[in-house]
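Results of the structural survey
Each chain, written out:
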Amino acid sequence: MKIVLHAGVHKTDEDGFLGTLTASERILKKNRIAVPSAAHFRKPLREKLIQMNKAAPSPEEREALLDLLLSNEPEEVERLIISNSNFFGTPKEAIDNDIFYPSALNQLAKFRYLFQEYPFELFLSLRNPATFVPALFEMSKTENPADILSNSDPYALQWSELIGRIRQSIPELPITVWCHEDSPFIWGRISRAMAGLPAEHAMRGDFALFGSLLSEEGLTRFKTYVQKHPNMTQDQLYRTLTAFYDKFADPDKASETLAMPGWSDMLIEDLTEFYEEDVEDIRNIPNVTLISP
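Structural notes, computed from the coordinates. Here the structure is a predicted model, which means the values were calculated and not measured.

Right, let's get into the overall build of the chain. Tallying secondary structure elements over the chain gives 14 helices and eight strands in all. For 293 residues, the compact-globule estimate of 2.2 N^0.38 gives 19 Å, and the C-alpha radius of gyration of the chain, at 20 Å, lies within 12% of that figure. Overall, the C-alpha framework of the chain stretches about 55 × 50 × 35 Å when taken along its three principal axes. A buried classification covers 46% of the 293 residues belonging to the chain. Counting only carbon and sulfur atoms, one obtains 49% of the accessible surface of the chain, whose full area is about 14,800 Å². Computed over 30 positive and 44 negative side-chain charges, the separation of the two mean positions in the chain equals 8 Å.

So, in structure tokens, the structure goes:
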């Protein structure tokens, strides 16, 4: 069995992929893929990882946790998908001293030890720091930006540092990443990658996120168009998605108003430019798959 860990990050895909994958439950079970609900696994897994700060779990404890995760799932599961945007820490623990998620390696090490008999893959959605930091600020309910930045210079924050840190610590770990900003356009490709299914395999919910951004008229027209053109290539599909988004995106659904006290327009532009360069750097890290339109 292989374990897939979707570890967020915060304020990106949330539990969207759990919903999409669950919508294809019959397909997944046929392919021996298990997707336990968040309510089913998060609390016992979190408690076990916390306990591991004091003592290593016994083989019996590990087996009991695995049995819990796989209860009500098909026999002989070949792929177990676990999703939790808080896996690396709370929003207030997401940034410290110029790096993202300082506890990431410790959490991954415990997870790796806990399920040491099974190989695992890591999936991460990344987000432009220009919107990610303000989103964390909003989530945390604090009034002091310093509580989120935690002695960090916004210009120093790089996702490539986090990915590189993980790569150095666990060289053999397959890592798949994508940009949150691209998610509506590549949702189906990401969900299939998580499930380990080929691109042409039937699944539901390919346009779940994209459709939520369109006006009612736009969504109706888009569904009709897709039904009439079921065999589009990836390039054709992306052009179609872009065209419908440009014409029918609902401003209230497609935009998110975020603000960080003291941040200038120039800072936001700089962070956005650095983010784009950072993503290109990630593309060149060994054993990392970057899903992009």
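Time to look at the environment of Asp-96. Checked against the element boundaries, Asp-96 lands in strand E4 (residues 95–96). Separated by 24 residues in the primary sequence, Asp-96 and Phe-120 place their C-alpha atoms 27 Å from one another. Residue contacts for Asp-96: discarding those within four places in its chain leaves Pro-102, Ser-150 and Ser-152. Polar side-chain contacts of Asp-96 include one of 3.0 Å to the side chain of Asn-97.

Another aspect to go through is the nonpolar core. Judged by nonpolar contacts, the single largest core of 57 residues is most densely connected at Phe-88, Tyr-101, Leu-122, Leu-124 and Trp-159. The contact partners of Leu-124, leaving out residues within four places of it in the chain, are Ala-7, Gly-8, Val-9, Phe-88, Leu-162, Ile-163, Thr-176, Val-177 and Trp-178. Val-4, Ile-186, Trp-187 and Met-203 belong to the second-largest nonpolar core, a separate cluster that totals 18 residues.

We now examine the environment of Phe-185. Relative to the helices and strands, Phe-185 is located in helix H9 (residues 183–195). The spatial distance from the C-alpha of Phe-185 to the C-alpha of Leu-209 is 8.4 Å, given a sequence separation of 24 residues. Other than its neighbours up to four places away in sequence, Phe-185 contacts Phe-210, Tyr-238, Leu-241, Thr-242 and Tyr-245.

A few words now on the pairing of strand E6 (residues 120–126). Burial of E6 is extensive: seven of the seven residues sit out of reach of the surface. Burial along E6 is two-sided: the face carrying Phe-120, Leu-122, Leu-124 and Leu-126 and the face carrying Glu-121, Phe-123 and Ser-125 are both buried. Of the pairings in the sheet, the one linking strand E1 (residues 2–6) to E6 comprises four bridges and is parallel in character. Bridge pairing in E6 places Leu-5 opposite Leu-122.

Considering all chains together, one arrives at 22 aromatic pairs under this definition. Plain terms: the ring middles of Tyr-101 and Phe-132 are 6.5 Å apart, the flat faces sit at 45 degrees to each other, and that makes the pair tilted. Here Tyr-101, found in the loop between strand E5 (99–100) and helix H5 (104–114), pairs with Phe-132, found in helix H6 (residues 129–140); they are 31 residues apart in sequence, far enough to count as distant. In this pair, the class of Tyr-101 matches that of Phe-132, namely buried. Clustering of aromatic rings is evident, with ring pairs tying together Phe-87, Phe-88, Phe-100, Tyr-101, Phe-111, Phe-115, Phe-120, Phe-132 and Trp-159. Here Arg-62 stacks its cationic end above the ring of Tyr-113, 5.6 Å away from the centre of that ring.

Conventions we followed
- Residues numbered from 1 in each chain as written.
- Predicted model: local features only at pLDDT ≥ 70, side-chain atom pairs only at ≥ 80, totals over all residues.
- Heavy atoms only, no water.
- Helix = DSSP H or I, 4+ residues; strand = E, 2+ residues; numbered from the N terminus.
- Rg over C-alpha atoms; globule rule 2.2 N^0.38 Å.
- Buried < 20%, exposed > 50% of the residue type's maximum accessible area, 1.4 Å probe, protein only.
- Areas by Shrake-Rupley, 256 points an atom, 1.4 Å probe, with all protein chains shown as cover.
- Lys, Arg positive; Asp, Glu negative; His and termini not counted.
- Charge placed at Lys NZ, Arg CZ, Asp CG, Glu CD.
- Contact = heavy atoms within 4.5 Å.
- Polar contact = N/O pair within 3.5 Å; in protein donor to acceptor, adjacent residues only side chain to side chain.
- Core = buried A, V, L, I, M, F, W, Y, C linked by side-chain atoms within 4.5 Å.
- Pairing = 2+ DSSP bridges.
- Phe/Tyr/Trp six-rings, centres within 6.5 Å; stacked < 30°, edge-to-face > 60°.
- Lys NZ or Arg CZ within 6 Å of the ring centre and 35° of its normal.

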